[in-house]
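Listed here are the chains, written in short residue letters.
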Amino acid sequence: MFKKFLLSLLFLTLPGFLNAQGYPKLTNWCWYGEVRTIDIKPFAHSDLFAIAREVDKTEQGRNNLRAIKDQNPNIKLLAYIGTYFINVTLPNDQLIQVCNECDAGLRDYQGNVLYEDIWTFDRILNMTSLNAAKCNNSNSIYFGKYVNYYMADWAVNNHYQYGIWDGFFLDGFSDNLSWLHSCRKDSDRDGLPEKDFSDSDCLPMQYDNYIFSDFWRSGMRDLARNYRQLAPNSILLGNGLNRETVNTINGIARENIDRNNTLGELASLWKYTHDTTIQPNVGTLNGVNINQNTKDYQAMRYTLGMALLLDVYYTFDFGSRSHSEFILYDEYFVRPNGRVAAAKTILTEALDKIKTTIKVNTTVAFENDGLILIDGELIYYSGKTSTQFLNCYRAYPRGNTMILSDHVIGSIVIQYDRRFKGYLGKSLGSAYDCNNPSLKLDDVFEGCGWFCNDEQKAQINSIVWRRDFEKGCVILNPTNSQKTINIIPDSYKRINGIQDRTHNNGSRVNSLTINSKDSFILIKTVTNN
């Protein structure tokens, strides 16, 4: 009876239950337009999950989104939608029809509709609040309305209505468009191009006497206000910076952050996160490895460390050219004793289970090597070596054969236990200088405003920072050299991991040597817990 009581007590105190909103706060972005049955459990690992809006256009897609919430009742689902652009290749998409009938495209001074320069299938929309941005088709339900109104109205009425989504991921949420079509944009369609604040090499010709970004900024502000008015309780996450919307949306995301970025560059993310009054706050940092190397553990730790210091959600993937990976790391799920919350079996056992589970005539094909999903859980496999493993995701059927993604995975089967998410518990305060605890990172960022000057960046990037949580701490070294700091003896230990055993070896620490652009998450020892 006593053993049963202890087991019950342990179950009730699992971090996944008590610390559902603890740290790290995990998110994931997936721009695939589908959620399959085998995706449900992996996607449910997140606290915040953003996926392409068109997922909900089929009954199966809606049911699978509901199933994700059944798996994780605390998860928040955001429908991805472009703000100033629309993908014209989406089949039978009603929003494209609306934009066509209302002539919503932003044009250049010669009357040509403008498109993105990288994603050439994305048509740019006129998001200003000028008369030229009004729908001029009297047969449209949006006749006389601005693009920045009916983009929000259409999204709310065609997606939010299902009662599945908690809000929207607003991609391209920026207060300027200075990087696109310099010296060519004509938002008021008067035949004269408009200069932007960064345009310096325009051809000698007549230009409008106002700055394009002034109108763009106010139009994007109106877009955010329209979303908020039409869906007042929705979560709005903007991928980009618009300083005039601090008290309109729930947070901004910084995309494509890697080891080339510095902590001092993230002042705008910190300020928006701390200044917005809209709750819940969902500011997000997207760590990346653009070379598609899921085994770049240091890049993940560095960017995760910054997210923990900045008090924002975190995701790691291959960046804006992809956003389709679901990658899990040891630092995401940790038991109270410091061990990674994962189970392992050998490869032969995994293959036996695959044959009985996937049911594709017992045939499994590997393209270069890949990930295996069993019952929706994450299973990793590599035929190349017997010692290495990475983690990624995506398996897809081809006839009677299950084809696996082209990422090197591993020789060991690993299944992470999401009950141990949020294992660090609540924050105990702001990050501080390890060598001068009275110096708080919040105070330095407060002095920066929206952007730090070179002197402020140099100060932030020269300090080893620490932030304390109920069950552990994070220590980040953003400097350009290796640093050693002292830790109260036997108070903390390293995570006892599976992936990078050199870094996460489970040992107790009295001092800690941290490489440049790296971080450690330490777990409190039993005596200190």
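As a reminder, the structure under discussion sits directly above these lines.
Computed from a predicted structure; not experimentally measured.

Caption draft 1: The overall build of the chain, seen in detail. Along the backbone of the chain there are 12 helices and 26 strands. If you take every contact in the chain between residues at least 6 apart in sequence, the share linking residues at least 24 apart comes to 69%. Carbon together with sulfur atoms contributes 47% to the accessible area of the chain, which is approximately 22100 Å² in total.

Caption draft 2: Geometry of the nonpolar core. Counting residues in hydrophobic clusters, the biggest one holds 123 residues, and the most contacted among them are Tyr227, Leu263, Leu285 and Phe445. When residues in this core are grouped by element, the largest group, 10 residues, is from helix 9 (residues 297-310). Ignoring sequence-local partners within four residues, the contact set of Leu285 consists of Arg254, Ile257, Leu266, Leu269, Thr303, Met306, Ala307, Leu310, Val312, Tyr313, Tyr314 and Thr315. Membership of the second largest hydrophobic core comes to 11 residues, among which are Val464, Ile475, Ile485 and Leu512.

Caption draft 3: View of the pairing of strand 1 (residues 27-30). What you see with strand 1 is no split at all: Thr27 and Trp29 on one side and Asn28 and Cys30 on the other are buried throughout. Bridging between strand 1 and strand 2 (residues 48-52) involves 4 bridges; their strand directions are parallel. The partner of Thr27 across the bridge, within strand 2, is Leu48.

Caption draft 4: Representation of the side chain of Asp317 in the model. If you trace the backbone, Asp317 turns up in strand 10 (residues 313-317). Taking relative accessible area as the criterion, Asp317 reaches 0% and is therefore assigned buried. Filtering out sequence-adjacent residues up to four positions away, Asp317 remains in contact with Trp29, Asn286, Gly287, Val288, Asn289, His323, Glu325 and Ile327.

Caption draft 5: Local environment of the pattern of salt bridges. Within the structure shown, the criterion is met by 17 salt bridges. Residue Lys25 is joined to Asp311 by a salt bridge in which the shortest nitrogen-to-oxygen separation is 3.8 Å. Residue Lys25 is located in the loop between helix 2 (15-18) and strand 1, and its partner Asp311 is located in the loop between helix 9 and strand 10; the two are separated by 286 residues in the primary sequence. Notably, a salt bridge pairs Asp518 with Arg301, separated by 2.9 Å at the nearest N-O pair. With Asp518 in strand 26 (residues 518-524) and Arg301 in helix 9, the pair connects residues that are 217 residues apart, well separated along the chain. Members of the salt-bridge network, linked through shared partners, are Lys25, Asp311 and Arg467.

Caption draft 6: Inspection of helix 9 at higher detail. Here helix 9 is 14 residues long and its end C-alpha atoms lie 20 Å apart, about the 20 Å a rise of 1.5 Å per residue gives. Burial of helix 9 is extensive: 14 of the 14 residues sit out of reach of the surface. Looking at the residues trailing helix 9, positive phi occurs at Asp311, about 70 degrees.

Caption draft 7: Main features of the pairing of strand 26. Within strand 26, 7 of the 7 residues are buried, leaving the element largely enclosed by the surrounding structure. Alignment of strand 21 (residues 472-477) against strand 26, held across 6 bridges, turns out to be antiparallel. Looking across to strand 26, one finds that Gly472 is bridged to Ile523. Relative to strand 26, strand 23 (residues 492-494) is paired through 3 bridges, and the arrangement is antiparallel. Within strand 26, the position partnered with Lys493 by the bridge is Ile523.

Caption draft 8: Seen up close, the sheet that holds strand 21. In space, the 7 strands of this open sheet follow the order 19-18-20-21-26-23-24, with antiparallel pairing throughout. The strands lining the two open edges of the sheet, one partner per strand, are strand 19 (436-440) and strand 24 (508-509). Direction of pairing for strand 20 (residues 465-468) relative to strand 21: antiparallel, over a ladder of 4 bridges. Bridge assignment links Arg467 to a residue of strand 21, and that residue is Val474.

Caption draft 9: Fine view of the sheet that holds strand 3 (residues 76-82). Read across the sheet, 8 strands follow the order 1-2-3-6-7-8-9-10 without closing on themselves; strand pairing throughout is parallel. Two strands close off the open sheet at either side, each with one partner strand: strand 1 and strand 10. Going from strand to strand, the sheet's axes swing by 20 degrees on average, the running direction of each strand aside. As judged from the 3 bridges shared by strand 7 (residues 235-239) and strand 8 (residues 251-257), these two strands associate in the parallel manner.

Caption draft 10: Seen up close, the packing of aromatic side chains. Within the structure shown, the criterion is met by 19 aromatic pairs. Judged by centre distance (4.1 Å) and plane angle (40 degrees), the rings of Trp31 and Tyr80 are tilted. Of this pair, Trp31 sits in the loop between strand 1 and helix 3 (40-43) while Tyr80 sits in strand 3, and the two are 49 residues apart along the sequence. Residue classification places Trp31 among the partly exposed residues on the basis of a relative accessible area of 21%.

The rules we used
- Residues numbered from 1 in each chain as written.
- Predicted model: local features only at pLDDT ≥ 70, side-chain atom pairs only at ≥ 80, totals over all residues.
- Heavy atoms only, no water.
- Helix = DSSP H or I, 4+ residues; strand = E, 2+ residues; numbered from the N terminus.
- Contact = heavy atoms within 4.5 Å.
- Areas by Shrake-Rupley, 256 points an atom, 1.4 Å probe, with all protein chains shown as cover.
- Core = buried A, V, L, I, M, F, W, Y, C linked by side-chain atoms within 4.5 Å.
- Buried < 20%, exposed > 50% of the residue type's maximum accessible area, 1.4 Å probe, protein only.
- Pairing = 2+ DSSP bridges.
- Salt bridge = Lys/Arg side-chain N within 4 Å of Asp/Glu carboxyl O.
- Expected span 1.5 Å × (residues − 1).
- Axes fitted to C-alpha atoms, helices over the stretch in contact; angles between N-to-C directions.
- Phe/Tyr/Trp six-rings, centres within 6.5 Å; stacked < 30°, edge-to-face > 60°.

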